[in-house]
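The primary structure of each chain is shown beneath.
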Amino acid sequence: QVQLVESGGGLVQAGDSLRLSCVVSGRTFSKCILGWFRQAPGKEREFVAAISRSGGISSHADSVKGRFTISRDNAKNTVYLQMNSLEAEDTAIYYCAADISGVEPRAVQSRYDYWGRGTQVTVSS
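Small disclaimer: the values here were computed from a predicted structure and weren't measured.

Draft legend 1. Main features of the overall build of the protein chain. Secondary structure summary: the protein chain contains zero helices and 11 strands in total. Along the protein chain, helices and strands appear, N-terminal first, in the series β-β-β-β-β-β-β-β-β-β-β. The C-alpha extent of the protein chain, read off along each of the three principal axes, is 40 × 30 × 25 Å. By the burial criterion, 42% of the 125 residues in the protein chain qualify as buried. Looking at the protein chain alone, contacts between residues at least 24 apart form 58% of all its contacts between residues at least 6 apart. Entry remark: accessible area of the protein chain is about 6,300 Å², with carbon and sulfur atoms responsible for 44%. Distance between charge centroids for the protein chain: 8 Å, based on 14 positive and 12 negative side chains.

Here it is as C-alpha cells:
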C-alpha cells in the first residue's frame, strides 16, 4: 500500500504563486513515478504534470507549461508542484498520484495506482 497526502492549497489572487507538496509513504519513494492531476468544478479530472523516478524527466500539460513545475526530493519522500502566475482557470482540487510499475512519466490516469485525497486551490480574479 502507498499513502499520499497533499498539502499547500489555499485561496490566492490571480498572478500569485503556490507550492503544493505531497508526502508519499508505504513504499520505496524512489521507485514511484509521480504525477499531479486536477479536477475543476463540473469538469473531468485532467493531467497536470508527472516526473520520473530520478526526477530527471518531467512532463507538463500544455495549459501549465512555463507556469508550473513539478519536482521531487527522494530524501524527503515528497513531490512538489510549484505554481506561478496562477489564473482563475487553475481553480481545482489538485491530486497527487503514484505509478509503481511504470518506466516513464505518463499523462494517462489509469496508469496510476494510488491517489491522494486532494488539496483545494482557489484563484480569485
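On we go from here.
Draft legend 2. Up close: the state of the cysteines. Taken as a whole and assessed by the stated rule, the structure comprises one disulfide. Between the sulfur atoms of Cys22 and its disulfide mate Cys96 the distance is 2.3 Å. Negative torsions about the S-S bond denote left-handed disulfides, and the value of about -85° found for Cys22 with Cys96 makes this one left-handed. Placement of the pair is Cys22 in strand β3 (residues 18–25) and Cys96 in strand β9 (residues 92–99), with a sequence separation of 74 residues. Cys96 gets classed as buried once you look at its relative accessible area, which sits at 0%. The thiol sulfur of Cys32 is not disulfide-bonded, and the nearest other cysteine sulfur, from Cys96, lies at 9.5 Å. The class for Cys32 is buried, based on a relative accessible area of 0%.

Draft legend 3. Structural context of the pairing of strand β5 (residues 46–51). With respect to burial, β5 is a largely interior element, five of its six residues being buried. Where strand β4 (residues 33–39) and β5 come together, five bridges link them in antiparallel fashion. Across the sheet, Phe37 pairs through a bridge with Phe47, a residue of β5. Looking at chain direction, β5 and strand β6 (residues 58–60) are connected through three bridges and run antiparallel.

Analysis parameters
- Residues numbered from 1 in each chain as written.
- Predicted model: local features only at pLDDT ≥ 70, side-chain atom pairs only at ≥ 80, totals over all residues.
- Heavy atoms only, no water.
- Helix = DSSP H or I, 4+ residues; strand = E, 2+ residues; numbered from the N terminus.
- Buried < 20%, exposed > 50% of the residue type's maximum accessible area, 1.4 Å probe, protein only.
- Contact = heavy atoms within 4.5 Å.
- Areas by Shrake-Rupley, 256 points an atom, 1.4 Å probe, with all protein chains shown as cover.
- Lys, Arg positive; Asp, Glu negative; His and termini not counted.
- Charge placed at Lys NZ, Arg CZ, Asp CG, Glu CD.
- Disulfide = S-S within 2.5 Å.
- Pairing = 2+ DSSP bridges.

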